[in-house]
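Coordinate analysis (summary)
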Amino acid sequence: MTVERIVFGRPLRSVAFDVAVSGLVALFAVLGIFAENGGVAETAVGLLMALVLLFRRTHPSAVAAGVAVLALLQVVVGWGPLAYDIGVLIALYSVVKYADRLRDGVLAGIVAAIGVLLAAAQMPGAAPWWAGALYYGLVTGAVWLVGLNVRTRRLYVVSLEERATTLEREREAEARAAVAEERTRIARELHDVVAHSMAVMIVQADGVRFTIDRDPETAREAAKVVADTGRQALEEMRRLVGVLREPSRPDPAAAPDAALDAEPAHRRPALVELPDLLDRFRAAGLRITDTATGTPVALPPGLELTVYRVVQESLTNALKHAGVGAAVELRLDWSADAVVVRAVDDGRGRPVVRPAPSGGHGLVGMRERVGVYDGSLAAGPTLGGGWRVEARLPLPSASGTEEGKAAA
């Protein structure tokens, strides 16, 4: 990537081009000394015109006015058309192209037309004046039209750039809003998990108090449940605080999906409901093949909810983008340290009118939920034209449990 140098607040390339254009006009002015009708005064006017043209981009209207005054002086004195009068055409082109208002270019065109008539009247030779006026008029009109065409294209490109910038800002704002809404949803569900754990602890603690004298063994088991539930609730509370406190940058490659018929806030699905969820998507038109490998283990409520939501969002995306009739392969791989959810569709369905219920904001929601539990998410197209989602969620380790007991 090259960095363009800035000179006098402008790119070096444009400054160098303007200097070259002014130098050409100045060269014509100096060469006029050697012509039969040349002189010092004519050369001085030409050099001044060349100097004024240096500012044709930044002050096009003022440059056009200055050049018009110099050209009028040339006509009044009676010098006739000279070689450096090409500067008049350059000034006319510049005001049409760069002026903030097109009416400045129209006014410059009218002034140039009057100048053409005056210059044609002073042309020496046997040709009628109208022939010279027609020739210079065609040249001047062509320059004016070229400037107008370039101006129109330049403004069109500027409008496209502004529109692209606006759309990019809107996309980023929508992504941030989607992340914020998904984090609020995650926090609400984790709050329900913590509240449920607190209720279990209270019930078990009351049981300990009433049975500690009559049945110490039962009281000991209840106390263990209280301790385990407390450690689990503490971990969920830590994650809840992390969701509310840590900012998250939206993934620019992931566009937010609209929330579709989400479950009520008080309802917390579990993995035992996965068969019902798959039946709902099969009824919506997906051909789902589900398999599981390894030995499933009991998960903390928050992690269990995350696995459920990842499956739900993966199937929702498959139905929305692959369409009705698409084949989806869903796998849950259980290992000693992680559970991996894989959903791969073939992308060969028909467009769907109304997608199945969603639990969040598509990839944004899955990425946020998986990140809460220090997991990883990979999503992208497959070679066959479908889409693949793979989420890996670490399981609570035995060492982590021991550390939690020590900390407690």
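Residues numbered from 1 in each chain as written. Predicted model: local features only at pLDDT ≥ 70, side-chain atom pairs only at ≥ 80, totals over all residues. Heavy atoms only, no water.

Quick look at the pattern of salt bridges
Summed over the entire model, instances satisfying the criterion amount to eleven salt bridges. Of the charged contacts in the structure, one is a salt bridge between Asp18 and Arg56, with a shortest N-O distance of 3.1 Å. Taken as a pair, Asp18 in helix 1 (residues 12-31) and Arg56 in the loop between helix 2 (40-52) and helix 3 (60-77) lie far apart in primary sequence, 38 residues in all. Each member of the pair Asp18 and Arg56 is classed as buried. Taking the shortest distance from any N to any O, the salt bridge between Asp346 and Arg287 comes out at 3.9 Å. Here Asp346, found in the loop between strand 5 (338-345) and helix 10 (362-372), pairs with Arg287, found in strand 3 (residues 287-293); they are 59 residues apart in sequence, far enough to count as distant. (Salt bridge = Lys/Arg side-chain N within 4 Å of Asp/Glu carboxyl O. Helix = DSSP H or I, 4+ residues; strand = E, 2+ residues; numbered from the N terminus. Buried < 20%, exposed > 50% of the residue type's maximum accessible area, 1.4 Å probe, protein only.)

Considerations on the confidence of the model for the protein
Here the protein shows a mean pLDDT of 78. Residues at 70 or above account for 78%. Helix 11 (residues 398-407) is the least confidently modelled element of the protein, averaging 40 in pLDDT, while strand 4 (residues 327-334) averages 94, the highest of any element. In this model residues 355-359 is a low-confidence stretch, pLDDT under 50, and it forms 26 contacts with partners more than four residues away in sequence or in other chains. Here residues 398-408 is a poorly scored stretch, pLDDT under 50, and it has three contacts once near neighbours within four places are set aside; other chains count. (pLDDT = per-residue confidence, 0-100. Contact = heavy atoms within 4.5 Å.)

Here we look at the pairing of strand 6 (residues 376-381)
As paired elements, strand 6 and strand 7 (residues 387-394) share six bridges and run antiparallel to each other. Bridging from a neighbouring strand, Gly380 pairs with Arg388 of strand 7. Linking two consecutive strands that pair antiparallel, namely strand 6 and strand 7, is a turn of five residues; a positive phi of about 100° is found at Gly385 within it. (Pairing = 2+ DSSP bridges.)

Here's the deal with the layout of surface pockets
As a volume, the largest pocket reaches approximately 770 Å³. Along the walls of the largest pocket sit 33 residues, with Ala71, Val88, Val111, Ala112 and Gly115 positioned nearest its centre. For the lining of the largest pocket, the secondary structure elements donating two or more residues are helix 3, helix 4 (86-98), helix 5 (102-121) and helix 6 (129-211). At ten residues, the largest contribution of residues to the lining of the largest pocket is made by helix 5. Here the lining of the largest pocket is composed, by residue class, of 26 nonpolar, five polar and two charged. (1 Å grid on protein atoms, 1.4 Å probe; cavity = no way out; pocket = protein on both sides within 12 Å on 5 of 7 lines; lining within 4 Å. Points joined across faces, edges and corners; volume = space filled by probe spheres on them. Nonpolar A, V, L, I, M, F, W, Y, C, P; charged D, E, K, R; others polar.)

Digging into the sheet that holds strand 7
Read from one edge to the other, the open sheet built from five strands follows the order 3-4-5-7-6, with strand pairing classed as mixed. On the outer flanks of this sheet lie strand 3 and strand 6, each paired with one strand and no other. Strand-to-strand twist across the sheet, computed as the mean angle between neighbouring axes with direction ignored, equals 10°. Lying on the sheet, helix 8 (residues 274-284) is in contact with strand 3 and strand 4; it crosses strand 3 at an angle near 160°. Along the sheet, helix 10 makes contact with strand 6 and strand 7, crossing strand 6 at roughly 155°. (Axes fitted to C-alpha atoms, helices over the stretch in contact; angles between N-to-C directions.)

A closer look at a nonpolar patch on the surface
On the surface, Leu72, Leu73, Val76, Val77, Leu102, Val106, Ile110, Ile114 and Leu118 cluster together to form a nonpolar patch covering roughly 770 Å² of accessible area. With respect to the helices and strands, Val106 occurs in helix 5. (Patch = residues over 30% accessible without salt bridge, like charges linked within 9 Å, V, L, I, M, F, W, Y side chains within 5 Å. Areas by Shrake-Rupley, 256 points an atom, 1.4 Å probe, with all protein chains shown as cover.)

Quick notes on the environment of Trp144
Considering the arrangement of structural elements, one finds Trp144 in helix 6. The contacts of Trp144, once residues within four sequence positions are left out, are Leu92, Val96, Gly105, Val106 and Gly109.

Considerations on helix 5
Side chains of residues three or four places apart in an α-helix project in the same direction, reflecting 3.6 residues per turn. Under the 1.5 Å per step criterion, the end-to-end length of helix 5 is 29 Å for 20 residues, consistent within 8% with the ideal 28 Å. Residues of helix 5 that are buried: Asp104, Gly105, Ala108, Ala112, Val116, Ala119 and Ala120. Angularly, the buried residues of helix 5 cover 135° about the axis, an arc narrow enough to put them on a single face. Projecting away from the buried face of helix 5 at angles above 90 degrees are the exposed residues Arg103, Leu107 and Ala121. (Expected span 1.5 Å × (residues − 1). Arc of directions from axis to C-beta.)

Overview of the packing of helix 4 against helix 5
The contact between helix 4 and helix 5 brings their axes to 8 Å, and the two run at 160°. Viewed along their axes, helix 4 and helix 5 adopt a mutual orientation that is roughly antiparallel. The interaxial crossing formed by helix 4 with helix 5 has left-handed handedness. In this structure, helix 4 uses Leu92, Val95 and Val96 to contact helix 5, whose residues at the interface are Asp104, Gly105, Ala108, Gly109 and Ala112. (Parallel < 35°, antiparallel > 145°, perpendicular 65-115°, else oblique. Left-handed = near helix turned anticlockwise from the far one by under 90°.)

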